[in-house]
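Architecture at a glance
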Amino acid sequence: MLYQRSSKLFAEAEKVIPGGVNSPVRAFKSVGGTPIFVKEAKGAYLYDEDGNRLIDYINSWGPMILGHAYAPVVEAVIEKAKLGTSFGMPTEIETKIAELAVSMVPNIDKIRFVNSGTEACMSAIRLARGYTDREKIIKFKGCYHGHSDSFLISAGSGAVTFGSPNSPGVTAGTAKDTLLANYNDLANVESILKANEGEVAAIIVEPVAGNMGCVPPQKGFLEGLRALCNTYGALLIFDEVMTGFRLSKGGAQELFGVNADIVTFGKVIGGGLPVGAFAARKEIMDYLAPVGPVYQAGTLSGNPLAMAAGLTMLQEINKDAELFNRLEEKTAYLEKGMRKVLTDNNVPFTINRVGSMISVFFDEREVVDFETAGFGNNDTFKKFFHGLLAEGVYIAPSSYETWFITDALTYEDLDYTINAVNKIFS
Ligand SMILES: *Cc1c(COP(=O)(O)O)cnc(C)c1O
C-alpha cells in the first residue's frame, strides 16, 4: 500500500497544527510512520486519500457502532441542517433524546447534554463536589476521563503513549485533590477512603476500562466500589463514555447490575457528532443551575444537528433487539479466530474482551490493571499494527487502546482479518 498523499497532507498539517493532528492519539508516535488521512468512509470501511480501503476497527473510537455514514443518521442531520444549525434556545429534539436516553439507561431521571466526553466528566465531578460538599475524587490509574485538569493524572492511552503520564500545566493545587487507585484493587480503594475520611466526593471509574487496552472489572469490583461509596458517603460515577449504548442498551450499569450515582456519556450517544452527556437521579441533577447552585453551561450544548444524529442513533439501537447479540457474536468470532492463529504461531498473548470491546496484548500474563497493561507495549505490537495496516486492516496505533467492533463488519471481513493476523506471524 502506498501513502504518498497521506504523507504529503501530514507534512502540510504539521506546519500549522501541532504534530499535524487535533488529538494526539491520531498520530503514529508509538508505532512509527505517518498517520493516514481519511477521505471518506462507509459501513465497515475507511477510504484514504491514496485510494486504499481499510477495514476499520476504531470506528471513530466508538461512535460508529452501526458503521460509517449510516444512512438514517446522515439523513437526519441533513434534514435538520436545512432548518438552521444553532439557536442558543431550547428545541423539542433535546427533550426527545433526553426521554429516550432516560428510558434506555437504568437508574437515571434526568440528563444534561454537552459537547464532548471531557465536558461530561468534568461537569460530573463538579456536580459531585457540589452535591457532597467535598473536594477530593478518586480515579484509577490508566483510566481516562477526558483532558480536563483533574483527570490528567495517570490518564491511560493518550498520555502514556507519549510518555507524559502527568501533564505539565495541571497545577499542584488541582492534582492534590485527585487520589489515584489501582484498578481492580478494592483494598487499595478502601485504604484511600479511610485515609481521606469525609473528604472524598466521588469515585470515578470506567466500568470496563478501555483506555489502557480493554481491562474488564474483576468479579465483585464494581459491586465493591458501590458498597465502599455507600459506607464512606462518596458518589459513584460510572464513566460510560465508551461503554454507554455499546455494551447494552443501558450500558455497564445494566450489564453488571450495579447502579452508579452519576453516569457520563459520549461517543455512541452523538452518532458521530460532538456530543457528551451526564445523568443521575433527580435529586442530584437538580443540584445543577438553573435549579440548583452548581454552574454548568454551553453555547452549542444540545445543538440541533448533534441531537438529530444522537437521537437517530439511539432510536436505531433501541429498536434493534438483536444488535447486542450480533455484536457479541461477531466479536467472539474474531477473538476465537485470533486466539487460534496466535496460539498456532507460538505468539505470547492475552486477549481481553467484554462485548464489542476487545484488545490484544502481546504478553501471556493476565492484564488486570494499568501496570499489567504495560506488558503489551512492545515491538510485537508494532509489528502487528504495521502488518495489519499493510493488509488493509486498521487498528488503533497504540497498544493501550481498545478495538471497537461495528455491526457493519461481515464475517468475511472478520475472516480476512484473522487471516491477516496469521500472515503476520507465520
Ligand atoms: C473518550 C473518552 C472520554 C473523553 O471523551 P471526549 O469526547 O474525547 O472528550 C472520557 N471518558 C472515556 C471513558 C472515554 O473513552
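Residue indices follow the written sequence of each chain, beginning from 1 at its first position. Totals for whole chains, interfaces and linings use every residue, but because this is a predicted model, local features are given only for residues with pLDDT of at least 70 and side-chain atom pairs only at 80 or more, for both listing and counting. The basis for the side-chain values is all heavy atoms of the structure; hydrogens and waters are excluded.

A closer look at the overall build of the protein chain
Looking only at helices and strands, the protein chain has 15 helices and 14 strands in total. For the protein chain, the C-alpha radius of gyration of 21 Å lies close to 22 Å, the compact-globule estimate for 426 residues. Counting every position in the protein chain, which comprises 426 residues, the buried fraction comes to 57%. Contact between two residues is taken to exist if any of their heavy atoms lie within 4.5 Å; hydrogens are not considered. Across the protein chain, every contact between residues at least 6 apart in sequence was considered, and the portion connecting residues at least 24 apart equals 72%. Carbon and sulfur atoms make up 53% of the accessible area of the protein chain, which amounts to about 17,400 Å² in all. Counted as positive: Lys and Arg. Counted as negative: Asp and Glu. His and the chain ends are not counted at all. The atoms used to mark charge sites are NZ of Lys, CZ of Arg, CG of Asp and CD of Glu. Each charge class in the protein chain was averaged separately, 39 positive and 49 negative side chains, and the resulting centres sit 2 Å apart. The secondary structure listing takes helices from DSSP runs of H or I that are at least 4 residues long and strands from runs of E that are at least 2 residues long, numbered from the N terminus. Put simply, the radius of gyration uses C-alpha atoms, and a globule should come to 2.2 Å times the residue count raised to 0.38. Categorising residues by exposure relies on relative accessible area from a 1.4 Å probe, with only protein chains included: less than 20% of the type maximum marks a residue as buried, more than 50% marks it as exposed, and the intermediate range marks it as partly exposed. Surface exposure here means Shrake-Rupley accessible area, sampled with a 1.4 Å probe, where a residue is shielded only by the protein chains that are shown.

Here we look at the UniProt feature "modified residue: N6-(pyridoxal phosphate)lysine" (unreviewed entry) in the protein chain
UniProt positions are given in the numbering used here, feature names are shortened, and annotations may be inferred rather than shown by experiment. Mapped onto this structure's residue numbering, the UniProt feature "modified residue: N6-(pyridoxal phosphate)lysine" (unreviewed entry) falls at K267. Mapping K267 onto the fold places it in the loop between β9 (262–265) and β10 (276–280). Residue class for K267 comes out partly exposed when judged on its relative accessible area of 25%. Contact partners of K267, with chain neighbours within four places excluded, come to W61, P63, V241, M242 and V275.

Let's talk about the environment of V360
Here V360 shows up in strand β12 (residues 357–361). C-alpha separation for the pair V360 and G376, spaced 16 residues apart in sequence, amounts to 8.0 Å. Each residue touching V360, except ones within four places of it in the same chain, is listed here: M338, L342, T350, I351 and W403.

Quick look at the sheet that holds strand β13 (residues 393–394)
As summarised here, the arrangement of the four strands in space is β1-β2-β3-β13, forming an open sheet in which the pairing is mixed. Both outer strands of the open sheet, β1 (38–42) and β13, are each paired with one neighbouring strand and no more. Judged from the four bridges that link them, β1 and strand β2 (residues 45–48) form a sheet pairing that is antiparallel. Residue pairing for β2: A41 is matched across the bridge by L46. Think of each axis as a best-fit line through the C-alpha atoms, taken over the contacting stretch in the case of a helix, with angles from 0 to 180 degrees between the N-to-C directions. Along the sheet, helix α15 (residues 411–425) contacts β2, β3 (53–56) and β13; its crossing angle with β3, the most-contacted strand, is approximately 100°. Strand pairing is assigned whenever DSSP detects at least two bridges linking the two strands.

Some words on the pattern of salt bridges
For this document, the term salt bridge refers to a Lys or Arg side-chain nitrogen within 4 Å of an Asp or Glu carboxyl oxygen. Applying the stated rule across the entire model yields 22 salt bridges. The network of salt bridges with shared partners includes R226, D261, R281 and E283.

Some details on the packing of aromatic side chains
Each aromatic ring pair is characterised by the separation of its centres together with the angle its planes make. Aromatic pairs are defined between Phe, Tyr and Trp rings, using the six-membered ring for Trp, whenever the two ring centres lie within 6.5 Å; interplanar angles under 30 degrees are classed as stacked, those over 60 as edge-to-face, and all others as tilted. For the structure shown, the criterion picks out 16 aromatic pairs. Between F28 and Y394, the aromatic rings sit 6.5 Å apart at their centres with planes inclined by 25°, giving stacked as the arrangement. Residue F28 is located in the loop between α1 (4–16) and β1, and its partner Y394 is located in strand β13; the two are separated by 366 residues in the primary sequence. Overall, the relative accessible area of 3% leaves F28 in the buried class. A relative accessible area of 12% means that Y394 is categorised as buried. The interplanar angle of 55° and the centroid separation of 5.1 Å between the aromatic rings of Y183 and F221 together place this pair among those described as tilted.

Concerning helix α3 (residues 92–104)
An ideal rise of 1.5 Å per residue puts 18 Å on 13 residues; α3 measures up with 19 Å between its terminal C-alpha atoms. All buried positions along α3 are accounted for by I93, I97, A98, L100, A101 and M104. For α3, the angular spread of buried residues about the axis comes to 165°, placing them on one side. Facing away from the buried side of α3 by more than 90 degrees, the exposed set consists of E92 and S103. Looking at the buried positions of α3, the neighbouring elements they touch are α2 (71–81), β4 (110–114), α9 (251–256) and α11 (304–319). The span you would expect from a helix comes to 1.5 Å times its residue count less one. When we speak of the arc, we mean the arc of directions from the helix axis to the C-beta atoms.

Observations concerning the site of the ligand
Around the ligand, the neighbouring residues are S116, G117, T118, Y144, H145, G146, E206, N211, D239, V241, M242 and K267. Between N or O atoms, a polar contact is any pair within 3.5 Å; within protein, one atom must be a potential hydrogen donor and the other a potential acceptor, and residues adjacent in sequence are included only when both atoms are from side chains. A distance of 2.8 Å separates an oxygen atom of the ligand from a polar atom in the backbone of G117. Burial of the ligand by the protein chains amounts to 84% of its free accessible area of 380 Å². Three classes are used: nonpolar for Ala, Val, Leu, Ile, Met, Phe, Trp, Tyr, Cys and Pro, charged for Asp, Glu, Lys and Arg, and polar for all others, with Gly counted as polar. In terms of residue class, the shell around the ligand is made up of three nonpolar, six polar and three charged. Throughout this document, a residue counts as near a molecule or strand when at least one of its heavy atoms sits within 4 Å of that molecule or strand.

Comments concerning the domain arrangement of the protein chain
Domain boundaries shown here were taken from an automatic or database domain assignment. Partitioning the protein chain into structural domains gives domain 1 (4–69 + 321–425) and domain 2 (71–319). Each of domain 1 and domain 2 has a C-alpha centre, and these two points are 25 Å apart. Taken together, the 35 residues of domain 1 in the interface contact 39 residues of domain 2. In total, about 2,900 Å² of surface goes out of reach between domain 1 and domain 2, with carbon and sulfur atoms giving 70% of it. Joining two parts hides part of their accessible area as seen by a 1.4 Å probe, and the buried area is that hidden amount summed over both. For the domain 1 face of the interface with domain 2, the top three residues by lost area are F324, M357 and F370, together amounting to 22%. At the boundary of domain 1 and domain 2, one finds zero salt bridges. Where domain 1 touches domain 2, the interface holds 11 residue pairs in polar contact (both at pLDDT 80 or more). Breaking the side of domain 1 that touches domain 2 down by element, the ones donating at least two residues are α12 (323–344), β11 (350–354), β12 and α13 (370–373). Ranked by the residues each element gives to the side of domain 1 that touches domain 2, the list is headed by β12, at four residues.

Quick word on the sheet that holds β10
Reading across from one edge, β4-β10-β9-β8-β7-β5-β6 is the order of the seven strands in this open sheet, with mixed pairing throughout. Each edge of the open sheet is held by one strand with a lone partner, namely β4 and β6 (178–181). When strand polarity is set aside, the average angle formed by the axes of neighbouring strands in this sheet is 20°. Each of β5 (136–140), β6 and β7 (200–205) touches helix α7 (residues 186–195); the most contacted strand, β6, lies at about 150° to it.

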